[in-house]
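Chain and residue survey
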Amino acid sequence: MERNLTTGSVFKTVVGFSLPFFLSYFLQTLYGMADLFIIGQFCGVESTTAVSVGSQIMHMLTVMIVGLAMGATVMIGRAVGAQDKRQTSGYIGNTVTLFTVLSLVLTAVLALCVKPIVAVIATPAEAVAGTEVYLLICFLGVPFITAYNIISSVFRGLGDSKSPMYFIAIACAANIALDYIFIGALGLGTVGAALGTTLSQTLSVIIALLVIRRSKTGISIKKSDLKPDKATFANILKIGLPVALQDGFIQIAFLVITVIANSRGLNDAAAVGIVEKTIGVLFLVPSSMLSTVSALAAQNVGAKKHDRANSVLRYGILIAIVWGIVCVIVMELSADVFVGLFTGSDEVVLLGGQYMRGYVMDVVLAGVHFCFSGYFCAYGRSGYSFVHNIAAITLARIPLAYLASKMFADTLLPMGIATCTGSAVSVIICVCLYAYMRRKEIGYEK
């Protein structure tokens, strides 16, 4: 299972490693979109809004877990690059311990806070009940969501991006089947959507554990590796915590935008929710590039191959930009068609098309700063990513979205454009920070 990523063609390595990442993210996004698509076929706008709002909360939680797990991926990758087997096992064991405790605490806290969460995000009255039950069931599945992402982070740190793809493929197929059973055949609405999501995730984790137990994975974990070690925890959290916080703040920013949209009425709320789901598909390549750059660069940092780490960054940015341009062209020409897949409401389609056309340029800009964030994390400078994202949120994304909502009450196009300004700020800051690293060589300690 362990794979050395510090030799061979950089471009081929980036493409070969990122493709399973891309497919994994595609399946994970499809996994989330299945609820929204299927419930839109069998239920009304209020149920669609409930699932779209609830799934945004779950997405926020998931990306924060993934962000925190980035610390494990990077540290395991560095140990692999340095060919230190003992340290690799120690990081894997402590990752399991840390996230097991975290998931149990999160489950208890979130289950008790369902109503306050739904109230804070200004969920439209018609969708409150559905959103509450959706979130409660999904929150009870947090240990399995955490388990899947930790298993994936360990595999990727070891250089294996394929196994997580197989596990999420199982979850995706199960979720679609269960959604049609629970929502379509049994008519359970939002309850069925939540049950399908939770049970399918549980199934994928069980299968992943069986695979790890029965196959020769190359992992040798002793009881001593599971014992909490302060230095190991500190190294994981030093990288993972800033990423988790930045991802959390980013999602909070989008939730604030959701609140702004919710305050405009049910149709606006549904339109924004649908576009956020659709844009998630377009962000697959930027997201896979972030994870690819962090994992590949981490191994090369461990092997002290800094020029190769820089080449990984350049290829990641190039791929992300090309993808983003293609997405812009497609969505500018056919945004209404994509939004129409999720609703039969002409008003929601119109509003969603407006929001998408303003928003889609963010795929290009985000692709660039995602790659820089992965690179910064590989060098242990995840604080840089935190800085540029917080600046983008506070200086541009939220205030401009709010102003656009107030100044243009009849269209969502300006609100979509406002979301892009945040990424533009991030790109500028990232370029400056990268130039600073190169000049001062602070990321290249021996």
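These remarks concern the structure in this document. Being a predicted model, the structure only gives us computed values, none of them experimental.

Calculation criteria
Residues numbered from 1 in each chain as written. Predicted model: local features only at pLDDT ≥ 70, side-chain atom pairs only at ≥ 80, totals over all residues. Heavy atoms only, no water. Helix = DSSP H or I, 4+ residues; strand = E, 2+ residues; numbered from the N terminus. Buried < 20%, exposed > 50% of the residue type's maximum accessible area, 1.4 Å probe, protein only. Contact = heavy atoms within 4.5 Å. Axes fitted to C-alpha atoms, helices over the stretch in contact; angles between N-to-C directions. Parallel < 35°, antiparallel > 145°, perpendicular 65-115°, else oblique. Left-handed = near helix turned anticlockwise from the far one by under 90°. Core = buried A, V, L, I, M, F, W, Y, C linked by side-chain atoms within 4.5 Å. Expected span 1.5 Å × (residues − 1). Nonpolar A, V, L, I, M, F, W, Y, C, P; charged D, E, K, R; others polar. Phe/Tyr/Trp six-rings, centres within 6.5 Å; stacked < 30°, edge-to-face > 60°. Salt bridge = Lys/Arg side-chain N within 4 Å of Asp/Glu carboxyl O. Polar contact = N/O pair within 3.5 Å; in protein donor to acceptor, adjacent residues only side chain to side chain. Disulfide = S-S within 2.5 Å. Patch = residues over 30% accessible without salt bridge, like charges linked within 9 Å, V, L, I, M, F, W, Y side chains within 5 Å. Areas by Shrake-Rupley, 256 points an atom, 1.4 Å probe, with all protein chains shown as cover.

Our focus in this paragraph is the overall build of the protein. Each helix and strand in the protein was counted, giving 17 helices and 0 strands. Residues counted as buried form 58% of the 446 residues belonging to the protein. A sequence separation of at least 24 residues applies to 84% of the contacts in the protein between residues at least 6 apart.

Right, let's get into the packing of helix α11 (residues 266-282) against helix α14 (residues 346-359). Contact geometry of α11 with α14 gives a least axis separation of 8 Å together with a crossing angle of 45 degrees. One element, α11, and the other, α14, form an angle in the oblique class. Considering the relative orientation of α11 and α14, their crossing is right-handed. Judged by residue contacts, Asn 267, Asp 268, Ala 270, Ala 271, Val 272, Ile 274, Val 275, Glu 276, Thr 278, Ile 279 and Leu 282 of α11 engage Glu 347, Val 348, Leu 351, Gly 352, Tyr 355, Met 356 and Tyr 359 from α14.

Once that is clear, we can look at the nonpolar core. Generally speaking, soluble globular proteins have nonpolar side chains that are buried together. One finds Tyr 375 and Phe 376 to be the most contacted residues of the largest nonpolar core, which totals 110 residues. Per-element tally for this core: the top contributor is helix α2 (residues 45-81), with 13 residues. Listed in part, the 11 residues of the second largest apolar core include Tyr 148, Met 165, Phe 167 and Ala 208.

For helix α7 (residues 163-185), spanning 23 residues, the distance from its first C-alpha to its last is 32 Å, which sits close to the expected 33 Å at 1.5 Å a residue. Considered for burial, the residues of α7 that qualify are Ser 163, Pro 164, Met 165, Phe 167, Ile 168, Ala 171, Cys 172, Ala 174, Asn 175, Asp 179, Phe 182 and Ile 183. Just beyond α7, the residue with positive phi is Gly 187, at close to 65 degrees.

Bringing the packing of α11 against helix α12 (residues 284-302) into the picture now. Between two packed helices, what matters for the description is the angle formed by their axes and the separation of those axes. The geometry of α11 relative to α12 is characterised by a closest axis approach of 4 Å and an angle of 55 degrees between their N-to-C directions. In terms of axis orientation, α11 runs oblique to α12. In this structure, α11 contributes Gly 280, Val 281 and Leu 282 to the contact, and α12 contributes Leu 284, Val 285 and Pro 286. Looking at the contact of α11 with α12, its residues break down into 5 nonpolar, 1 polar and no charged.

Turning next to the packing of aromatic side chains. According to the stated counting rule, one finds 9 aromatic pairs in the structure shown. On the basis of an interplanar angle of 25 degrees and a centroid distance of 6.1 Å, the ring pair of Phe 372 and Phe 376 is categorised as stacked. With Phe 372 and Phe 376 both in helix α15 (residues 362-378), this residue pair falls 4 residues apart, about one helical turn. Using a relative accessible area of 6% as the deciding quantity, one classes Phe 372 as buried. In this structure an aromatic cluster arises from ring pairing among Phe 372, Tyr 375, Phe 376, Tyr 379, Tyr 384 and Tyr 434.

For the coordinates displayed, the defined rule picks out 3 salt bridges. Among the ionic pairs, Arg 397 bridges to Asp 362, the shortest N-O distance being 3.9 Å. Placement of Arg 397 in helix α16 (residues 382-407) and of Asp 362 in helix α15 is noted, with a sequence separation of 35 residues between them.

A word on the side chain of Thr 197. By the element assignment, Thr 197 lies in helix α8 (residues 189-214). There is a polar contact of 3.1 Å between the side chain of Thr 197 and the backbone oxygen of Ala 193.

Glancing now at the environment of Val 425. Within the secondary structure, Val 425 sits in helix α17 (residues 413-440). Sequence spacing of Val 425 and Ala 391 is 34 residues, and the spatial spacing of their C-alpha atoms is 7.5 Å. Here Val 425 is in contact with Ala 391, Ala 392 and Ala 396, once residues within four sequence places are set aside.

Taken as a whole, this structure holds 0 disulfides when the rule is applied. Here Cys 430 stays unpaired: no disulfide links it, and the sulfur of Cys 432, its closest cysteine neighbor, is 9.3 Å away. On the basis of relative accessibility, which here comes to 0%, the residue Cys 430 falls in the buried class.

On the surface, Phe 11, Val 15, Tyr 315, Leu 318, Val 322, Val 326 and Val 330 cluster together to form a nonpolar patch covering roughly 550 Å² of accessible area. Breaking the nonpolar patch down by element, the ones donating at least two residues are α1 (10-42) and α13 (306-340). Looking at which element gives the most residues to the nonpolar patch, the answer is α13, with 5 residues. Considering the arrangement of structural elements, one finds Tyr 315 in helix α13. The partly exposed category is assigned to Tyr 315, whose relative accessible area is 31%.

On to the environment of Cys 172. Of note, Cys 172 is situated in helix α7. Of the residues examined, Cys 172 reaches a relative accessible area of 3% and is grouped as buried. Counting along the chain gives 144 residues from Cys 172 to Gln 28, while the straight-line C-alpha distance between them is 6.8 Å.

Structurally, the position occupied by Leu 351 is in helix α14. With 62 residues separating them in the primary sequence, Leu 351 and Leu 413 have C-alpha atoms 8.1 Å apart. If we ignore the near neighbours within four places in the chain, the residues touching Leu 351 are Asn 267, Asp 268, Ala 271 and Leu 412.

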